[in-house]
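Inside the fold
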Amino acid sequence: MDHTSPQPSPSRREGLSRSRRSTRTVVAGLFVFFLTTVAIVTLALWRFVAILPPLDLTQAGLRSTVVLDRDGGLLRPFATVDGRWRLPLSAGQVDPRLLAMLTAYEDKGFDTHPGIDPAATLRAAGQWLRHGRIVSGGSTLSMQVARLVEPRAARSLTAKLRQMVRAVELERRLGKAGVLDLYLALAPYGGPVEGLRAASLAYFGRDPARLSFAEAALLVALPQAPEARRPDRFPMAARRARDRVLDRVAAQGIITPAEAKAAKAEPVPQRRKPFPMLAAHAAEAAVAADPTSRSIRLTLDGRLQASLEALATERAAALGPSLSVSILALDNRTGAVLAQVGSPGHGDASRSGAIDMTVAIRSPGSALKPFIYALAFEQGIAHPETQLDDRPVRFSGAYAPENFDLGYQGTVTARRALQLSLNVPAVELLQAVGAARFIARLRAAGARIELPRDTAPGLPVALGGLGITLTDLARLFSGMARGGLVPPLLRRLDGPALGSPDARIAEPVAAWYVADTLRGAPPPENALPNRIAYKTGTSYGYRDAWAVGFDRRVTLAVWAGRPDGNAVPGLVGRVVAAPVLFDAFARFGGEPEPVPRPADALVTTNAGLPPPLRHLRRDAAKTVSAALGATLKIAYPPDGARIDLGVPDTGLEGDLAGSAPDTELRASLALKALGGVPPLTWMVDGLPVAGGARRQAAWRPEGAGFARISVVDASGASDSVMVRIE
């Protein structure tokens with residue numbers, strides 16, 4: 001049986017051939033059409049890209065200025081020039097769980113796509129063709145950043161195409177990390193709040209480094225519709241949006257269903273919190289001094305600053321209306337400002353809170369007395385154990401000071417007179433050292449001193465007859481903790497220190513005498529004694545109350561009063577400012593460390609002092625020297641001289657010539673005086689080195705360096721010079 005299939009007829013074969021040729025023609029035509037379409041689209045896209053202006057990221061790079069503490073913590077942000085809160089932030093400063101939620105919800109392929117997601121784009125295109133309008137944008141995070149960088153009001157195909165082009169461009173220029181950082185900084189959160197950090201502070205009161213799942217989900221949801229979902233206006237809409245994010249990330253395994261359920265139970269914040277305002281005055285001053293910097297790091301300790309601001313607010317409220325309290329803390333080692341509380345509240349108009357009282361010129365009352373004593377100790381006029389008279393007295397110009405309690409203590413040591421802040425002994429010492437010399441010393445140490453107009457320095461400056469700032473007063477006391485060397489003031493970690501590094505308020509021995517004396521001052525009620533060295537002050541008319549204290553580590557200064565200068569009955573430094581000072585030290589923490597004693601300090605009783613130092617005699621100084629007609633004066637060496645004795649640079653301790661066998665090889669310095677009432681006592685840096693009825697002596701220094709040479713006669717008159725031994 002023949003099973004051969006029948007052959008098609010010639011006409012059928014010709015038809016099949018024509019059909020195949022027609023199919024090939026159609027396919028070829030479609031292919032040509034496709035290529036032509038692709039070419040046209042490519043050409044159009046190339047043309048579209050070519051006419052786009054260069055991508056400008058200038059506006060996108062604008063950030064709020066932030067002022068930070070020494071550890072990088074936020075003290076105070078400032079809005080941009082157009083009123084937006086856009087704080088600097090990078091992905092490394094964000095809770096990783098929030099970043100995982102963000103990419104899972106907004107752009108699952110963010111780590112792999114080049115800026116656009118083809119699948120999402122095709123899906124969005126299909127929806128557009130079916131509905132005739134844009135249903136979903138298919139936007140990636142990169143495209144959202146492109147929209148934020150170049151905002152467009154209308155939603156159109158051209159706008160979407162522009163976003164896609166810019167997204168690819170952004171990824172090529174910035175990389176994934178840069179694009180993500182831009183999104184975190186620019187994402188809108190309603191009103192003037194832009195960026196994740198500003199939103200986290202506004203709604204949760206903290207940085208986004210650690211957030212709950214509910215908080216992270218809310219911050220992911222809000223940029224989708226920032227105005228319609230603002231928690232402070234539409235809390236229910238915000239909750240629904242947050243819960244959708246939680247559901248989706250739970251479905252993708254980012255969090256567990258139990259965690260999502262617990263997060264949904266958390267309430268949504270219904271009001272915005274104020275942005276941080278720590279160290280408001282210091283921040284304003286820093287920005288005014290450097291308006292172009294977007295990030296300024298100060299030397300302030302944020303923890304201490306917050307604690308002392310709370311203390312100032314609490315104590316000001318207890319004092320009554322219209323009163324202010326200001327506190328300053330200095331690191332004695334570096335001169336860095338650790339805390340600066342200018343007022344109890346920057347926005348409290350009832351207390352003139354906008355005025356920074358740490359830099360206001362005010363009368364210090366008795367707060368400057370320690371520096372009078374230091375100058376007297378330094379010049380050999382007195383010693384802490386020198387006896388002073390606290391009795392009614394009238395000085396030149398009919399000036400008759402009285403003590404605060406209107407009583408008198410009789411004969412007291414200089415130590416006790418300073419601890420009790422007696423007025424008559426302080427004025428007497430100022431008369432001995434000279435008011436002009438005292439003011440010159442304060443100014444040479446870097447303090448701004450304001451005297452009454454058209455008046456020369458006089459004895460009233462001992463009791464506050466001048467003006468000084470709390471900052472300068474703190475620096476001077478910090479110098480006492482540093483052996484008399486006043487530290488330059490350091491406000492910025494990356495900035496220069498203000499002031500000379502060589503400014504000196506006292507010689508080391510004199511500075512320690514004062515520090516040791518003030519450490520024994522009676523503490524305020526309920527405070528422990530002998531903890532810190534401190535001094536109080538009360539200005540005339542009860543306008544200012546001061547308290548400044550220090551140990552080896554830190555100096556703290558407190559001022560209280562009315563910024564307008566009006567009197568406040570009962571405003572006394574010891575009663576008002578001293579308790580704040582001791583509380584501030586407690587908040588600073590740690591055990592107070594006493595100032596170390598110099599090796600050449602003379603620690604003795606009054607009986608162990610050279611006779612001229614045992615008692616400051618006003619009558620002898622006024623009558624005997626005047627009768628002799630010759631004022632005590634050092635004839636040699638002259639003040640400021642450089643004397644080459646060929647001694648090694650091993651220190652300045654010396655001894656009386658020939659007092660020991662090992663001194664014979666050291667050169668001696670001749671000491672000569674004119675006038676005065678014998679016997680004379682010669683001292684170097686506060687220590688006796690020679691004495692007797694003759695007006696000539698010799699001293700053998702043990703090393704090279706500066707030395708203050710003083711001479712005191714039997715009447716208590718003195719003179720001193722500063723020389724350099726080489």
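Cut-offs applied
- Residues numbered from 1 in each chain as written.
- Predicted model: local features only at pLDDT ≥ 70, side-chain atom pairs only at ≥ 80, totals over all residues.
- Heavy atoms only, no water.
- Helix = DSSP H or I, 4+ residues; strand = E, 2+ residues; numbered from the N terminus.
- Contact = heavy atoms within 4.5 Å.
- Areas by Shrake-Rupley, 256 points an atom, 1.4 Å probe, with all protein chains shown as cover.
- Buried < 20%, exposed > 50% of the residue type's maximum accessible area, 1.4 Å probe, protein only.
- Phe/Tyr/Trp six-rings, centres within 6.5 Å; stacked < 30°, edge-to-face > 60°.
- Lys NZ or Arg CZ within 6 Å of the ring centre and 35° of its normal.
- Pairing = 2+ DSSP bridges.
- Axes fitted to C-alpha atoms, helices over the stretch in contact; angles between N-to-C directions.
- Core = buried A, V, L, I, M, F, W, Y, C linked by side-chain atoms within 4.5 Å.
- pLDDT = per-residue confidence, 0-100.
- Parallel < 35°, antiparallel > 145°, perpendicular 65-115°, else oblique.
- Salt bridge = Lys/Arg side-chain N within 4 Å of Asp/Glu carboxyl O.

1. Considerations on the overall build of the protein
- A count of helical and extended segments in the protein gives 20 helices and 21 strands.
- In the protein, 71% of the contacts between residues at least 6 apart in sequence involve partners at least 24 apart.
- Of the roughly 33,300 Å² of accessible surface on the protein, a fraction of 56% belongs to carbon and sulfur atoms.

2. Points about unusual backbone geometry
- Put simply, Tyr636 and Pro637 share a cis peptide bond, and its omega is 5°.
- By the secondary structure assignment, Pro637 is in the loop between β13 (633–636) and β14 (642–643).
- Positive phi is not limited to glycine here, since Ser322 has a value of about 70°.
- Looking at where Ser322 falls in the secondary structure, it is placed in the loop between α11 (302–319) and β6 (324–331).
- Assessed through its relative accessible area of 24%, Ser322 is described here as partly exposed.

3. Description of the packing of aromatic side chains
- Scanning all chains against the criterion turns up eight aromatic pairs.
- Aromatic ring contacts, followed pair by pair, group Tyr373, Phe377, Trp512 and Tyr513 into a single cluster.
- One Lys or Arg, Arg97, reaches over the ring of Phe213 and ends 4.8 Å from the middle of that ring.
- Against the face of Phe110 rests Lys176, its NZ or CZ located 4.6 Å from the ring centre.

4. Comments concerning the sheet that holds strand β11 (residues 544–550)
- In spatial order, the strands read β7-β6-β12-β11-β10; together these five strands make up an open sheet with antiparallel pairing. Strands with a single pairing partner mark the edges of an open sheet, and in this sheet they are β7 (337–341) and β10 (533–538). Within the sheet, the average angular offset between the axes of one strand and its neighbour, ignoring direction, is 10°.
- Pairing analysis gives eight bridges linking β6 to strand β12 (residues 554–561), with the strands arranged antiparallel. When the bridges of β12 are listed, Val325 appears paired with Ala560.

5. A closer look at the nonpolar core
- In terms of nonpolar packing, the biggest core is built from 83 residues, with Phe371, Phe438 and Leu476 touching the most fellow members.
- Setting aside residues no more than four positions away along its own chain, Phe371 makes contact with Phe438, Leu442, Leu473, Leu476, Phe477, Met480 and Ile505.
- Listed in part, the 59 residues of the second largest apolar core include Leu141, Ala146, Leu184 and Ala214.

6. Things to note about the sheet that holds strand β1 (residues 65–68)
- Taking strand neighbours across the sheet as the criterion, the three strands line up as β2-β1-β5 in an open arrangement whose pairing is mixed. At either margin of the open sheet sits one strand with a lone partner, and together these are β2 (74–78) and β5 (295–297). Taken pair by pair, the neighbouring strands of this sheet meet at an average axis angle of 15°, ignoring direction.

7. Re the confidence of the model for the protein
- Of all residues in the protein, 85% attain a pLDDT of 70 or more, and the chain-wide mean is 87.
- Contacts of residues 619–629 to residues separated by more than four positions or lying in other chains number nine contacts, the stretch itself having pLDDT below 50.
- For the stretch residues 651–665, pLDDT sits under 50, and the model shows 34 contacts to residues farther than four places along the chain or on other chains.

8. As for the environment of Leu442
- Mapped onto the elements of the fold, Leu442 is located in helix α15 (residues 435–444).
- Among the residues examined, Leu442 registers a relative accessible area of 0% and is labelled buried.

9. Details of the packing of helix α2 (residues 96–106) against helix α8 (residues 235–251)
- Closest axis-to-axis distance for the α2/α8 pair is 10 Å, and the angle between their directions is 90°. Taken together, the axes of α2 and α8 lie roughly perpendicular to each other. Each of Met101, Ala104 and Tyr105 in α2 lies in contact with α8, whose residues at this interface are Arg244, Val245, Leu246, Arg248 and Val249.

10. With respect to the pattern of salt bridges
- The tally for this structure, following the rule as stated, stands at 33 salt bridges.
- Its salt-bridge partner being Glu284, residue Arg76 comes within 3.2 Å of it at the nearest N-O pair. Highlighted residues: Arg76 in strand β2 and Glu284 in helix α10 (residues 280–289), separated in sequence by 208 residues.
- Here Asp247 makes a salt bridge to Lys264, at a shortest N to O gap of 2.4 Å. Of the two residues, Asp247 sits in helix α8 while Lys264 sits in helix α9 (residues 257–264), which places them 17 residues apart along the sequence.
- Take Asp247: its relative accessible area is 40%, and that puts it in the partly exposed class.

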